[in-house]
Amino acid sequence: MSGEALLLSLRLACMVSLLLLVIALPLAYWLAFTTWRGKFLLESVVALPLVLPPTVLGFYALIALGPRGAIGRLWQIMFGHSLAFTFTGLVVASILYSLPFAVQPLVTSFESLDRRLLDASAVLGASRARSFLRIILPLAWPGVITAVVLSFAHTLGEFGVVLMVGGNLAGITRTVSIDIYDRVQALDYAGAQQTALFLLVISFVVLSVVYGINRRVWSPWGSR
Amino acid sequence: MLRRITILVFGLALASSVRAQTLRVAAAADLRFAMNDLAGQFEKETGTKVAISFGSSGNFRAQIENGAPFDVFFSADTEYPERLIRVGAADAQSLTVYAYGHLVLWAPAEEKLHLAERGFAALQDSRVSKIAIANPEHAPYGRSAVAALKKAELYEQVKAKLVYGDNISQAAQFVQSGSAQVGVIALSLTFVESMKSGERWEIPVELYPPLKQAAAIVSASRNKKAATAFLEFVTGQEGRKILLKYGLAPPDEEKKP
């Protein structure tokens, strides 16, 4: 198993799940509590990566991040190189790709909160931010964990988008899933097998954590 | 929090762009095994670290045109590097023919197709339902395979049995794993342990245009000194010896090794 590819994937998954949390919290909050009638349009956009083939997303990302694309050109002016085939480019593309995995669990858990608690908090004079931090977040805790864990796992296992925008560069864009693909082509089945088994175990652990949390087998607040 | 993350993002982005001392090589998939030997030997002698990516030459051409950070590109043909030179993505004076590639018909021994005696006729065997070749759209070996099948007047008969690997080593993997019964692949891929036991028939060179393989240094490379040194190493005495070991004929020996 390639340690370099593994470290790269872990670095990518950590950054993407953290950045996604920052992006998804306000987005999910807005989606859960807005009364805007056009909300379903934004919901559809957020869910798009679930149904789009990774190659479609990867294709657009490659065009947008490359030296002739809008984002790529802007980046090139600022930093002297385009975003395609760089680690940062992978981060950007992965954020798009894993967005629904972060947003949807948050929206579900925000929506299922008892609204009377929020009303009470407002009546008692708490600001929206205070209500969010003291009431919503603690109660929606399983949703937050689920969002982070799922976006982490999804980024760790993504293949198509990385192949399209990454270009299989050792130490920069060769993630574990690309490494498996590469090893199979090199007829190194033993190496591919080790990495594949590792991903299988990680995926199982991640899903067990998510299901465990949602069944309240354990909880940071003790059993309720 | 947000600021810290932003700093982290930029920091990591910077860290990956600074590592310029590693020589980044884009190599056609037929070099999969030969290039590892070449790079290993070069690393041992010069201390320069070499990172290789393998793929189809056509894909690399597109990636390099779009700014992929490679230093040197070893293509399986001459056209793709020439095209990069025309659009200003590779240096004209660096264009070097480093080897001639060859096509081989290959099958696992357990298929018992008797390739050596039957040659192309084995493709029409009723046990053959899938024939692996590289994608002719962007892989030079795939294009040559199609040309050879056409020249042998077999293409129309076997067209429905063809399966395309993304590049020539994926085509080889299709056959090696038994998913396809036989493949038209690069001779250079058949010298590793897991392929040695297979049956093979070298396709006569008259049947396909020569696979004249050229390399060029990428214009945007910041590592041209090392790239030039590596190119010289590959075409030099030692490099030629390694290429020959994998059935890749050095440029001045157009005849088979």
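### Some details on the overall build of chain B
Broken down by element type, chain B carries 11 helices and 10 strands. By its C-alpha atoms, chain B is 65 × 50 × 35 Å across when sized along the principal axes. Buried residues in chain B amount to 48% of all 257 residues. Considering only residue pairs separated by 6 or more positions, chain B has 77% of its internal contacts joining residues 24 or more positions apart.

### Quick word on the pairing of strand 1 (residues 23-28) of chain B
For a regular strand, the rule is simple: side chains alternate between the two faces of the sheet. Residue and element names in this part refer to chain B. The element strand 1 is extensively covered by neighbouring structure, given that six of its six residues are classed as buried. Side chains of strand 1 alternate between two faces, with Leu23, Val25 and Ala27 and Arg24, Ala26 and Ala28 buried alike. Note that the unit made of strand 1, helix 2 (residues 32-46) and strand 2 (residues 50-55) has a crossover that is right-handed. Alignment of strand 1 against strand 3 (residues 72-74), held across three bridges, turns out to be parallel. Within strand 3, the position partnered with Val25 by the bridge is Val72.

### As for the packing of helix 5 (residues 87-111) of chain A against helix 8 (residues 141-157) of chain A
Residues and elements named next belong to chain A. The interhelical angle for the contact between helix 5 and helix 8, taken along N-to-C directions, is 160°, at an axis separation of 8 Å. One way to sum up the angle between helix 5 and helix 8 is to call them roughly antiparallel. Helix 8 is crossed by helix 5, and the crossing has right-handed handedness. Each of Ser94, Ser98, Phe101, Ala102, Pro105, Leu106, Thr108 and Ser109 in helix 5 lies in contact with helix 8, whose residues at this interface are Pro142, Gly143, Val144, Thr146, Ala147, Leu150, Ser151, His154 and Thr155. Considering only residue class, the contact of helix 5 with helix 8 consists of eight nonpolar, nine polar and no charged.

### Remarks on the environment of Val158 of chain B
All names here are of chain B. Tracing the backbone shows Val158 in helix 7 (residues 155-158). For the pair Val158 and Pro209, spaced 51 residues apart in sequence, the C-alpha to C-alpha distance is 20 Å. When near neighbours in sequence (up to four residues on either side) are disregarded, Val158 contacts Leu123, Ile131 and Leu149.

### Comments concerning the interface of chain A and chain B
Much of the literature gives interface size as the accessible area that the parts lose upon coming together. Each partner contributes residues to the interface: chain A has 24 residues there, and chain B has 23 residues. Listing elements by their share of the side of chain A that touches chain B, those giving two or more residues are helix 1 (3-33), helix 5 and helix 10 (176-185) of chain A. Residue contributions to the side of chain A that touches chain B peak at four residues, all from helix 1 of chain A.

### Some thoughts on the sheet that holds strand 5 (residues 103-107) of chain B
Residues and elements named next belong to chain B. Taken together, five strands build an open sheet; the order of strands is 7-6-8-5-9 and the sheet is mixed. Every interior strand has two partners, whereas the edge strands, strand 7 (162-165) and strand 9 (199-202), have only one. Pairwise comparison of adjacent strand axes, ignoring direction, gives a mean angle of 30° for this sheet. Two strands pair when backbone bridges link them, and strand 5 and strand 9 are joined in this way by four bridges, in the antiparallel orientation. Note that in strand 9 the partner of Ala107 across the bridge is Glu199. Against the sheet, helix 6 (residues 140-151) makes contact with strand 5, strand 6 (131-134), strand 7 and strand 8 (182-186), and its axis sits at roughly 130° relative to strand 6, the strand it touches most. Together, strand 5, strand 6, strand 7 and strand 8 form the strand contacts of helix 8 (residues 168-176), whose direction differs from that of strand 8 by roughly 150°.

### Re the confidence of the model for chain B
Residues and elements named next belong to chain B. Looking at chain B, pLDDT values average 90 and 90% of them are 70 or higher. Within chain B, no element has a lower average pLDDT than helix 1 (residues 2-18), which sits at 52, and none a higher one than strand 3, at 98. Considering only residues more than four positions removed or in separate chains, one finds that residues 16-20, a stretch of pLDDT under 50, has six contacts. Across the interface, the model reports ipTM at 0.74; the global pTM reads 0.82.

### Some thoughts on the pairing of strand 5 of chain B
Residue and element names in this part refer to chain B. In terms of burial, strand 5 is largely enclosed, as five of its five residues are buried. The alternating pattern of strand 5 places Leu103, Leu105 and Ala107 on one face and Val104 and Trp106 on the opposite face, and all of these are buried. As defined by bridge partners, strand 5 adjoins strand 8 across four bridges and the pair is classed as antiparallel. Across the sheet, Trp106 pairs through a bridge with Gly183, a residue of strand 8.

### Looking at the sheet that holds strand 2 of chain B
Residues and elements named next belong to chain B. Taking strand neighbours across the sheet as the criterion, the five strands line up as 2-1-3-10-4 in an open arrangement whose pairing is mixed. Each end of this open sheet is capped by a strand with a single partner; those strands are strand 2 and strand 4 (96-101). Ignoring strand direction, the axes of neighbouring strands in this sheet form an average angle of 20°. Where helix 3 (residues 57-65) meets the sheet, it contacts strand 1, strand 2 and strand 3, and its direction lies at approximately 140° from that of strand 1.

### A few points about the nonpolar core
One broad rule of soluble globular proteins: the nonpolar side chains tend to lie buried together. Grouped together as the largest cluster of nonpolar side chains are 132 residues, with contacts concentrated most on Leu106 of chain A together with Val72 and Phe73 of chain B. Apart from residues no more than four positions distant in its own chain, Phe73 of chain B is found in contact with Ala26, Phe60, Ile64, Pro81, Ala90, Ala215, Ala216 and Val218 of chain B.

### Section: the domain arrangement of chain B
Residue and element names in this part refer to chain B. According to the domain assignment, chain B contains domain 1 (2-100 + 211-245) and domain 2 (103-202). Between the C-alpha centres of domain 1 and domain 2 there is a distance of 28 Å. Counting residues at the interface gives 16 residues for domain 1, matched by 17 residues for domain 2. Among the elements of the structure, helix 2, strand 2 and helix 3 are those that each provide at least two residues to the side of domain 1 that touches domain 2. Among the residues forming the side of domain 1 that touches domain 2, the class breakdown is seven nonpolar, five polar and four charged.

Cut-offs and rules
- Residues numbered from 1 in each chain as written.
- Chains lettered and ligands numbered in written order.
- Predicted model: local features only at pLDDT ≥ 70, side-chain atom pairs only at ≥ 80, totals over all residues.
- Helix = DSSP H or I, 4+ residues; strand = E, 2+ residues; numbered from the N terminus.
- Buried ≥ 20, exposed ≤ 12 C-beta atoms within 10 Å, placed from the backbone.
- Contact = placed C-beta atoms within 7 Å.
- Right-handed = clockwise from strand over helix to strand, strands pointing away.
- Pairing = 2+ DSSP bridges.
- Axes fitted to C-alpha atoms, helices over the stretch in contact; angles between N-to-C directions.
- Parallel < 35°, antiparallel > 145°, perpendicular 65-115°, else oblique.
- Left-handed = near helix turned anticlockwise from the far one by under 90°.
- Nonpolar A, V, L, I, M, F, W, Y, C, P; charged D, E, K, R; others polar.
- pLDDT = per-residue confidence, 0-100.
- Core = buried A, V, L, I, M, F, W, Y, C linked by C-beta atoms within 7 Å.
- Domains from an automatic or database assignment.

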